[in-house]
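Chain by chain, the residues:
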Amino acid sequence: MIISASTDYRAAAQRKLPPFLFHYIDGGAYAEYTLRRNVEDLAGIALRQRVLKNMSELSLETKLFNETLSMPVALAPVGLTGMYARRGEVQAARAAASKGVPFTLSTVSVCPIEEVAPAIDRPMWFQLYVLKDRGFMKNALERAKAVGVTTLVFTVDMPVPGARYRDAHSGMSGPNASVRRMLQAVTHPAWAWDVGLFGRPHDLGNISTYRGHPTGLEDYIGWLGANFDPSISWKDLEWIREFWDGPMVIKGILDPEDARDAVKFGADGIIVSNHGGRQLDGVLSSARALPAIADAVKGELTILADSGIRTGLDVVRMIALGADSVLLGRAFVYALAADGEAGVRNLLELIEKEMRVAMVLTGAKSIGEISADSLVRELGR
Ligand SMILES: Cc1cc2nc3c(=O)[nH]c(=O)nc-3n(C[C@H](O)[C@H](O)[C@H](O)COP(=O)(O)O)c2cc1C
């Protein structure tokens, strides 16, 4: 039975998924210090309880990039989501749309953009990596426009992929990986039936559409490895503006100087993120990085944040630290793996309920009223 968004869905996902997939989701880079700190730093921030303030009227509604959200939450781009549940991107996007929040499709999704966008009645966000293959990027931007994507999320914290040692232990990579994955699949029949058999094609939909032929899991690792571009700089982002005139958000900002550069570049928003602790282990948690970034650029562009958010209380904490809105990564993926679209819908309901309790008991009637004053200062910031 699912009672808590933060722990029960993770446990259920672990039961259902073959270990190579569970650990791919759950793990981080190197010794996973940043992964743990993302969660612990955020959960350790003390909310400031206030009482007797007539909190009968609450509004969680948020305006972001000319869109109205039912609450300040979006689903983060997560690669290979279609491996965690049958056509997982479509299920997650439907759940998000039904709850009035945006879904962000990853570049490296299983379902292609043309499969996901028509399945929902709300505009989708699309995430793009800066890749060497500019032909692919141009093609992806054209396709995003064609299906009505509103907001483009540009992920810039992956000029090189961070090493995730758990993947080699779990069979995601390393010696005999394909045999190990096969063995794990047959010993997890619920997943094997739902995704292994009926979730095909297991493909990187956006990339295979571009290349004109299917790409498997092995290809995914090879293609990514060959295409990340360590030479990228702000200059490289400029040509994107020729192809994209909608809102553009830079994902992977962790330093106030970079946030200022994003303002200079003319970005509409940034996502304060360390990729969920999956890139450079040892960097600041998002919760600790956020206040200085907010001090530097608040009001000049939209500030989003992710990494470590597991509950509605965490959403309120991130907003109190200076975010306008947040993205959920693993939190929604665990729920999707455990119970598909219904799981993500339920997770979003739990997050909303938790936010409501936190807002009532910190005396914030609207998202705009959540501020540094919602935290116990000497403990929280
Ligand atoms: C399994 C997995 C795959 C991810 N794939 C992508 C991706 O394709 N593009 C991207 O920008 N971020 C990707 N991320 C990072 C998320 O967008 C987000 O920044 C991160 O999950 C936030 O941390 P949290 O999961 O602790 O909340 C991925 C994260 C996970 C867990």
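Above this text sits the structure in question.
Reading the values: the criteria
- Residues numbered from 1 in each chain as written.
- Predicted model: local features only at pLDDT ≥ 70, side-chain atom pairs only at ≥ 80, totals over all residues.
- Heavy atoms only, no water.
- Core = buried A, V, L, I, M, F, W, Y, C linked by side-chain atoms within 4.5 Å.
- Buried < 20%, exposed > 50% of the residue type's maximum accessible area, 1.4 Å probe, protein only.
- Helix = DSSP H or I, 4+ residues; strand = E, 2+ residues; numbered from the N terminus.
- Contact = heavy atoms within 4.5 Å.
- Near = heavy atom within 4 Å.
- Polar contact = N/O pair within 3.5 Å; in protein donor to acceptor, adjacent residues only side chain to side chain.
- 1 Å grid on protein atoms, 1.4 Å probe; cavity = no way out; pocket = protein on both sides within 12 Å on 5 of 7 lines; lining within 4 Å.
- Sits in = over half its atoms within 2 Å of the grid points.
- Patch = residues over 30% accessible without salt bridge, like charges linked within 9 Å, V, L, I, M, F, W, Y side chains within 5 Å.
- Areas by Shrake-Rupley, 256 points an atom, 1.4 Å probe, with all protein chains shown as cover.
- Salt bridge = Lys/Arg side-chain N within 4 Å of Asp/Glu carboxyl O.
- Points joined across faces, edges and corners; volume = space filled by probe spheres on them.
- Nonpolar A, V, L, I, M, F, W, Y, C, P; charged D, E, K, R; others polar.
- Pairing = 2+ DSSP bridges.
- Axes fitted to C-alpha atoms, helices over the stretch in contact; angles between N-to-C directions.

Asks: Looking at this model, I keep getting lost on the nonpolar core. Mind explaining?
Replies: One recurring pattern in soluble globular proteins: nonpolar side chains tend to sit buried together. In this structure, Tyr84, Phe154 and Ile270 are the most contacted members of the largest nonpolar core, which totals 118 residues. The dominant element in this core, judged by the number of residues it contributes, is helix α16 (residues 330–362), at 16 residues. Beyond its immediate stretch of four places on either side in the chain, Ile270 contacts Val249, Ile250, Ile253, Ala259, Ala262, Ile293, Val297, Leu301, Thr302, Ile303 and Leu304. With 11 residues, the next largest nonpolar core counts Val249, Ile271, Leu304 and Leu327 among its residues.

Asks: Please clarify how the site of the ligand should be interpreted in this entry.
Replies: Around the ligand lies a shell of 23 residues, among which Pro77, Ser106, Thr155, Asp306 and Arg330 are the nearest. Within the backbone of Gly79, an N or O atom sits 2.9 Å from a nitrogen atom of the ligand. Within the side chain of Ser106, a nitrogen or oxygen atom sits 2.7 Å from an oxygen atom of the ligand. A molecule is said to occupy a pocket when more than half its atoms come within 2 Å of that pocket's grid points, and by this definition the ligand occupies the largest pocket. Sorting the residues of the shell around the ligand by element identifies α2 (19–26) and β5 (125–129) as the ones contributing at least two each.

Asks: Help me out: how do you make sense of a nonpolar patch on the surface in this one?
Replies: Taken together, the side chains of Val51, Leu52, Val357, Val360 and Leu361 define a hydrophobic patch exposed on the protein surface, amounting to about 470 Å² of accessible area. Note on placement: Val360 falls in helix α16. Residue class for Val360 comes out partly exposed when judged on its relative accessible area of 31%.

Asks: In this structure, what is going on with the layout of surface pockets? I would like to understand it.
Replies: Gaps left between atoms are located by rolling a probe of water-molecule size over the structure's atoms. Here the largest pocket is characterised by a volume of approximately 710 Å³. In terms of lining residues, the largest pocket is bounded by 39 residues, among which Tyr24, Met158, Arg164, His275 and Arg278 are the most central. Element by element, the count of residues in the lining of the largest pocket is highest for helix α11 (residues 217–227), at four residues. When its residues are assigned to classes, the lining of the largest pocket shows 20 nonpolar, 12 polar and seven charged.

Asks: Teacher, can you tell me more about the side chain of Thr81 here?
Replies: Tracing the backbone through its elements, the reader meets Thr81 in the loop between β3 (73–75) and α4 (88–98). Taking relative accessible area as the criterion, Thr81 reaches 1% and is therefore assigned buried. Not counting chain neighbours up to four residues away, the residues in contact with Thr81 comprise Gly88, Glu89 and Leu336.

Asks: Looking at this model, I keep getting lost on the sheet that holds β3. Mind explaining?
Replies: Strand pairing in a sheet relies on backbone hydrogen bonds, with the paired strands running either antiparallel or parallel. Taken together, eight strands build an open sheet; the order of strands is β3-β10-β9-β8-β7-β6-β5-β4 and the sheet is parallel. Single-partner strands in this sheet number two, and they are β3 and β4 (104–105). As paired strands, strand β6 (residues 151–155) and strand β7 (residues 248–253) are joined by four bridges and run parallel to one another. Counterpart to Val153 in the pairing with β7 is Val249. Here helix α6 (residues 134–146) sits on the sheet and contacts β5 and β6; the angle it forms with β5, its principal contact strand, is near 175°.

That is the geometry; function is a separate question.
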